[in-house]
Amino acid sequence: MSGIGRLVTFEGIDGSGKSTQIALLAETLRARGHAVVVTREPGGSPGAEEIRKLVLEGDPDRWSAETEILLFTATRRDHLERTILPALAAGKIVLSDRFADSTRMYQGLSRGDLRGLVDRLHDLMIGREPDLTILIDMEPATGLARAKARQTSEERFEDFGQPLQEQMRKGFLDLAAQFPDRFRVIDGDQPIDEVAEDVAGVVLAELP
Ligand code: ADP
Ligand code: TYD
């Protein structure tokens, strides 16, 4: 990596510690003089944050699988245009809490095999992969308990319960094996500071 902007994404099941680790990594990188933008999906731009409510709140069966793929792709396109690409062009490191791999998993796997459709839409509308993806891997029961303890209204996916989280964990590990060049798998079943050390280790190794 050099000073020309890098997209680093964090993936993993709900409650795996992505936002906690992104905040800690941002501090570490800023202390070393890097310009960092912290963002998230679905969301990360004003328009995408509005669509976020539509996909994360309400009845689990609110959208068909196909409509949901379109909505998540729409949020990503806006996020990319308004937030990610301008930051990368300015030479910043963008840390995104979830990106296209989440759609490959949550929409591509959970309601039948729609991975092909997800990938085709991605190629048409997004066309960019992260430079580095940190997968925080952990026990689904622990992740779900942590996520549920947050008590927010954004529980549409958590409401699908532990079987979905089990499926997502396996799917993410398979995806990491499919794209070994950009994926690094971190053990999330450790105290926060130990996970942070592992994350900083792999990210700093990729920076000049
Ligand atoms: P995510 O963004 O992946 O959903 P969060 O970072 O929001 O996960 O973490 C979910 C909850 O679990 C938060 O309350 C957070 O403080 C807690 N948490 C995060 N990492 C750990 C860890 N390694 N050990 C114990 N609790 C953690
Ligand atoms: P997030 O806010 O990261 O939740 P958590 O902190 O619990 O991990 O993401 C909210 C939910 O959105 C999460 O359950 C996964 C789902 N999601 C998709 O289904 N598809 C996507 O493309 C993205 C980005 C998220």
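To be clear, the structure that these remarks concern was listed above.
Every value quoted in this text rests on a predicted model; they were computed, and no experiment measured them.

**Let's talk about the packing of aromatic side chains**
- Under the defined criterion, the tally for this structure stands at one aromatic pair.
- Ring centres 6.4 Å apart and planes at 65° place the aromatic pair Tyr106 and Phe172 in the edge-to-face group. Highlighted residues: Tyr106 in helix 4 (residues 100–109) and Phe172 in helix 7 (residues 162–178), separated in sequence by 66 residues.
- Residue class for Tyr106 comes out buried when judged on its relative accessible area of 6%.
- The residue whose ring lies beneath Arg76 is Phe99, and the NZ or CZ to ring-centre distance is 5.4 Å.
- A cation over an aromatic ring shows up here: Arg182 above the ring of Phe179, its NZ or CZ 4.9 Å from the ring centre.

**A short note on the sheet that holds strand 2 (residues 36–40)**
- If you walk across this open sheet you meet the five strands as 2-3-1-4-5, and the pairing is parallel. The outermost strands of the open sheet, each flanked by one partner alone, are strand 2 and strand 5 (183–187). Across the sheet, the mean angle separating the axes of adjacent strands is 20° when strand polarity is ignored.
- Against the sheet, helix 8 (residues 192–206) makes contact with strand 1 (6–11), strand 4 (132–137) and strand 5, and its axis sits at roughly 160° relative to strand 5, the strand it touches most.

**Quick notes on the site of ligand 2**
- Every one of the 17 residues lining ligand 2 counts as a neighbour, but Asp14, Arg98, Thr103, Gln107 and Arg150 are closest to it.
- At a separation of 3.2 Å, an oxygen atom of ligand 2 approaches a polar side-chain atom of Arg76.
- For ligand 2, the protein covers 94% of the area, taking 540 Å² as the surface of the free molecule.
- The element contributing the most residues to the shell around ligand 2 is helix 4, with four residues.
- A per-class count over the shell around ligand 2 returns five nonpolar, three polar and nine charged.

**As for empty space enclosed by the protein**
- Applying the stated criterion across every chain yields a total of two cavities of 30 Å³ or more.
- The volume enclosed by the largest cavity comes to roughly 60 Å³.
- Taken together, Ile69, Thr73, Arg76, Ala100, Thr103, Arg104, Val118, Asp119, Leu121, His122 and Ile126 make up the lining of the largest cavity.
- Counting only elements with at least two residues in the lining of the largest cavity, the list comes to helix 3 (65–89), helix 4 and helix 5 (115–125).
- Across the lining of the largest cavity, the residue classes tally to five nonpolar, three polar and three charged.
- Space inside the second largest cavity adds up to approximately 40 Å³.
- Taken together, Gly12, Ile13, Leu135, Ile136, Asp137, Met138, Arg169, Phe172 and Leu173 make up the full set of residues lining the second largest cavity.
- Of all the secondary-structure elements, those providing two or more residues to the lining of the second largest cavity are strand 4 and helix 7.
- Split by residue class, the lining of the second largest cavity holds six nonpolar, one polar and two charged.

The rules behind each value
Residues numbered from 1 in each chain as written. Chains lettered and ligands numbered in written order. Predicted model: local features only at pLDDT ≥ 70, side-chain atom pairs only at ≥ 80, totals over all residues. Heavy atoms only, no water. Phe/Tyr/Trp six-rings, centres within 6.5 Å; stacked < 30°, edge-to-face > 60°. Helix = DSSP H or I, 4+ residues; strand = E, 2+ residues; numbered from the N terminus. Buried < 20%, exposed > 50% of the residue type's maximum accessible area, 1.4 Å probe, protein only. Lys NZ or Arg CZ within 6 Å of the ring centre and 35° of its normal. Pairing = 2+ DSSP bridges. Axes fitted to C-alpha atoms, helices over the stretch in contact; angles between N-to-C directions. Contact = heavy atoms within 4.5 Å. Near = heavy atom within 4 Å. Polar contact = N/O pair within 3.5 Å; in protein donor to acceptor, adjacent residues only side chain to side chain. Areas by Shrake-Rupley, 256 points an atom, 1.4 Å probe, with all protein chains shown as cover. Nonpolar A, V, L, I, M, F, W, Y, C, P; charged D, E, K, R; others polar. 1 Å grid on protein atoms, 1.4 Å probe; cavity = no way out; pocket = protein on both sides within 12 Å on 5 of 7 lines; lining within 4 Å. Points joined across faces, edges and corners; volume = space filled by probe spheres on them.

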